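One letter stands for each residue in the lines below.
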Amino acid sequence: MAVWIQAQQLQGDALHQMQSLYGQHFPIEVRHYLSQWLEGQLWDVIDLENPQEEFKAKRLLDSLIQELQNKAEHQVGEDGFLLKIKLGHYASQLKSTYDRCPLELVRCIKHILYTEQRLVREASNSSSPVGGMMDSMSQKYQQINQAFEELRLLTQDTENDLRKLQHNQEYFIIQYQESLRIQAQLTSLATLPPADRQLREPTLLSKRATVEAWLTREANTLQKYRLDLAEKHQKSLQLLRKQQTIILDDELIHWKRRQQLAGNGGPPEGGLDILQSWCEKLAETIWQNRQQIRRAEHLRQQLPIPGPIEELLNDLNSTITDIISALVTSTFIIEKQPPQVLKTQTKFAATVRLLVGGKLNVHMNPPQVKATIISEQQAKALLKNENTRNDSSGEILNNNCVMEYHQATGTLSANFRNMSLKRIKRSDRRGAESVTEEKFTILFESQFSVGGNELVFQVKTLSLPVVVIVHGSQDNNATATVLWDNAFAEPGRVPFIVPDKVLWPQLCEALNMKYKAEVQSNRGLSEENLVFLAQKAFSSSSINPDDYRGMTMTWSQFNRESLPGRNFTFWQWFDGVMELTKKHLKPHWNDGAILGFVNKQQAQDMLMSKPNGTFLLRFSDSEIGGITIAWVAENPNKPGERMVWNLMPYTTKDFSIRSLADRISDLNHLLFLYPDRPKDEVFSKYYTPPLSKAVDGYVKPQIKQVVPEADLIT
């Protein structure tokens, strides 16, 4: 539920707190009329402490004003006239207030939204799954933002300590020079007459003793300052590691998993803007701490004081380099994956992105990215750091691309638009494995220099597994391999190991996700549909869903072994159903007009209890990508007896000639769609309009469907 809808339901003190957020600086009417737009913007992406982010803030301000003006223009009627004037006034007011300081607008709106979320969260005792999920997500984001604030304060603290240390050390060096000057004066006394020496020596000796005592004391103090600073840096680096682990090993991995499931038709993985903003904050904080540690090392070299500080600084420097190395190498990611079923000699695209590229100024020397196709074995060797130089399993044309920096979005990416796999080199296959079970991956690699070549990183990233085909007839089997891999790959697996068998409910989830995406429908597979599929998969007659919950299905059952009495596999049959529905039956499936997943015997049992002329549509058991019409009518050979008729299945070829709706219209003996809906009520909106009158003396022929046996039915 939108935050604003919930905020309006606040009561008592919480309502007063919410109302107090608004005023001339940001009118509550603007919040109300632009609530959806305001909550849809990525305010968190903008770093308020970075003046360079001002152009993003300015763009949001301009968009806000444009939205207000659009809203004003669409107001009609007497009340609408007043609102039109009011909203237009607010647009002008906001422009004049924030045009010179757009970051302040972002600060204001972020404060409003954060406070509203907090008030709603505190007031809500809802335990709904969606509410709980949103709540945990906002809590997680809040924790990440709080950790960044803690890191900012720690980094500021160490910066202040470092300046203080530098100031004290500079004063120490001055005093040390003073002690050398006193010593030189004492040495020069040897050339003076004894009387003069006796006169001046006590004073100089006293001054030297005082200075040396101060130097000894101050050296200990400096050493303590250095150790305290090193301990603070250790604390900062521990927090940095923890924050980086949350962002890279949790949030970024979750994004990659969503990207993988999106390949099966899952919801879109979502944008990378928030992740990039977090990674950039990490990069900035890491770099600041690294520079501080280097300055501390420089101070130590300027004034060596015996003690453990040298080893501590070496450890800190090594740790911070490891942290930044992990950040750079982990944030070189594939934003847009190459197609997972890859046909040779066919153009394809992919996009790789470095989430910290802009913040680390990598674009100042734009790196080049190279794409190579490698086998599963080569991918394993690569992850083990075994030497695989120049190894590839094929030739990709147009496989080099320079990374470009987009100023408006702050993204650094390489967009491969015109790659093509010219040839593929296959490995020896094992046992029953076919070419459509062999997995490859596209390796993207580059080299980045950071901090003016101060650090150089070799980076690599692997695409999701791809299956290479040379002909369209291999597509459905290749898709099965990809579906199984995307659905059941475990985090951190060795490339590209997947379980050989999975629980039936897990497979149902994957099939439902794929079906809805392919058919582009919100109507997925019902429990009854899934029971039908289980009966088919396991050659079972049970209609109890619980009987299948603990059953497992192997890869061989899924797409190696043919179904009993058929020459096709379970997946090939299911894929044929999806293809037919996607191309020709989508509106009827969405209308609920197609039962589809019903076997012949079930259809007979359902129809025999209904009046003559009742029919249903079910997917063919015997043919891939077929649908048949079953209906109940009199048996022409046995008066008084009824029977269920089944038409020969229709396929894509049939529907390219005449649509399903028109075929149903042609058959006059079909009266009611199961259970009792008049057929015209369901299908008439899809009928082809009657032909117009003859043109130029010609009469157009018309194709109509006839079922000879049906003519016998009275």
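Being a predicted model, the structure only gives us computed values, none of them experimental. (Residues numbered from 1 in each chain as written. Predicted model: local features only at pLDDT ≥ 70, side-chain atom pairs only at ≥ 80, totals over all residues. Heavy atoms only, no water.)

Things to note about the pairing of strand E9 (residues 440–450)
Within E9, 9 of the 11 residues are buried, which leaves it mostly tucked inside the rest of the structure. Across 6 bridges, the pairing between strand E4 (residues 368–375) and E9 is antiparallel. Within the sheet, the bridge partner assigned to Ala 371 lies in E9 and is Phe 444. (Buried < 20%, exposed > 50% of the residue type's maximum accessible area, 1.4 Å probe, protein only. Helix = DSSP H or I, 4+ residues; strand = E, 2+ residues; numbered from the N terminus. Pairing = 2+ DSSP bridges.)

Considering the pattern of salt bridges
For the structure shown, the criterion picks out 37 salt bridges. Among the salt bridges present, the one from Glu 159 reaches Arg 163, with a minimum N-O distance of 3.2 Å. Note that Glu 159 and Arg 163 are positioned in helix H8 (residues 129–188) at a spacing of 4 residues, about one turn of the helix. For Arg 549, the salt bridge goes to Glu 527, with nearest N and O atoms at 3.5 Å. Remark: Glu 527 occurs in helix H15 (residues 527–538) and Arg 549 occurs in the loop between H15 and strand E13 (552–554); sequence separation between them is 22 residues. What you see here is one network of salt bridges that share partners, running through Lys 514, Glu 518, Glu 579, Lys 582 and Lys 583. (Salt bridge = Lys/Arg side-chain N within 4 Å of Asp/Glu carboxyl O.)

What about unusual backbone geometry?
For the bond running from Pro 495 to Phe 496, omega is -20°, close enough to zero to count as cis. As for its placement among the helices and strands, Phe 496 is situated in the loop between helix H13 (475–488) and strand E12 (501–503). A cis amide bond, omega 5°, links Tyr 674 with the succeeding residue Pro 675. When you line up the elements, Pro 675 lands in the loop between strand E17 (672–673) and strand E18 (677–678). A positive phi is found at Gln 345, a non-glycine position, where the angle reads about 60°.

Topic: the packing of aromatic side chains
Counted according to the given criterion, the structure contains 28 aromatic pairs. Centre to centre, the rings of Trp 484 and Trp 555 are 5.4 Å apart; their planes meet at 75°, and the pair counts as edge-to-face. With Trp 484 in helix H13 and Trp 555 in helix H16 (residues 555–559), this residue pair connects regions lying 71 residues apart in the sequence. Its relative accessible area of 3% is what places Trp 484 among the buried residues. Positioned above the aromatic ring of Trp 589 is the side chain of Arg 523, whose terminal nitrogen or guanidinium carbon lies 3.6 Å from the ring centre. Lying across the ring of Trp 573, Lys 536 places its NZ or CZ 4.5 Å from the centre. (Phe/Tyr/Trp six-rings, centres within 6.5 Å; stacked < 30°, edge-to-face > 60°. Lys NZ or Arg CZ within 6 Å of the ring centre and 35° of its normal.)

Description of the packing of H13 against helix H14 (residues 504–519)
H14 packs onto H13 with a crossing angle of 120° between their chain directions and a minimal axis gap of 10 Å. By the angle class used here, H13 and H14 are oblique. Crossing angle aside, the handedness with which H13 passes H14 is right-handed. Counting all contacts with H13, which are made through Thr 479, Leu 483, Trp 484, Ala 487 and Phe 488, the residues of H14 involved are Gln 506, Leu 507, Ala 510, Leu 511 and Lys 514. A class-by-class count of the residues in the contact of H13 with H14 yields 7 nonpolar, 2 polar and 1 charged. (Axes fitted to C-alpha atoms, helices over the stretch in contact; angles between N-to-C directions. Parallel < 35°, antiparallel > 145°, perpendicular 65-115°, else oblique. Left-handed = near helix turned anticlockwise from the far one by under 90°. Contact = heavy atoms within 4.5 Å. Nonpolar A, V, L, I, M, F, W, Y, C, P; charged D, E, K, R; others polar.)

A closer look at the nonpolar core
Core analysis: the largest hydrophobic core is formed by 82 residues, its most contacted members being Ile 247, Val 328, Phe 332, Leu 354, Ile 373, Phe 416 and Phe 444. The biggest single contributor to this core is helix H9 (residues 194–262), with 15 residues. Composition of this core by domain shows at least three residues from each of domain 2 (134–328) and domain 3 (337–426 + 433–470). (Core = buried A, V, L, I, M, F, W, Y, C linked by side-chain atoms within 4.5 Å. Domains from an automatic or database assignment.)

Overview of the domain arrangement of the protein
Structurally, the protein comprises domain 1 (3–100), domain 2 (134–328), domain 3 (337–426 + 433–470) and domain 4 (607–712). Between the C-alpha centres of domain 1 and domain 4 the distance comes to 57 Å.

Let's talk about the sheet that holds E9
The 4 strands lie next to each other as E6-E4-E9-E10, forming an open sheet whose pairing is antiparallel. Edge positions in the sheet fall to strand E6 (400–402) and strand E10 (455–462), since each of these pairs with one other strand and no more. Across this sheet, the average inter-strand angle for adjacent strands is 25°, counted without regard to direction.

A few points about the pairing of E10
Each regular strand shows side chains that alternate between the opposite faces of the sheet. Alternating residues of E10 divide into Leu 455, Phe 457, Val 459 and Thr 461, all buried, and Val 456, Gln 458, Lys 460 and Leu 462, none buried. Relative to E10, E9 runs antiparallel, the two being bridged by 8 bridges. Bridge pairing links Glu 445 to Lys 460 in E10.

Here we look at helix H12 (residues 376–383)
By the criterion of burial, H12 is predominantly enclosed, with 6 of the 8 residues buried. Residues Glu 376, Gln 378, Ala 379, Lys 380, Ala 381 and Leu 382 constitute the buried set of H12. Among the structural elements, E4, E9 and E10 are those in contact with the buried residues of H12. The positive-phi residue at the C-terminal boundary of H12 is Asn 385, with phi of around 65°.

Re the environment of Asn 529
On the secondary structure map, Asn 529 appears in helix H15. On the basis of relative accessibility, which here comes to 7%, the residue Asn 529 falls in the buried class. Residues Asn 529 and Val 598, 69 residues apart in the sequence, show an inter-C-alpha distance of 7.7 Å. With residues up to four places along the chain from it excluded, the contact list for Asn 529 reads Gly 524, Trp 589, Leu 595 and Phe 597.

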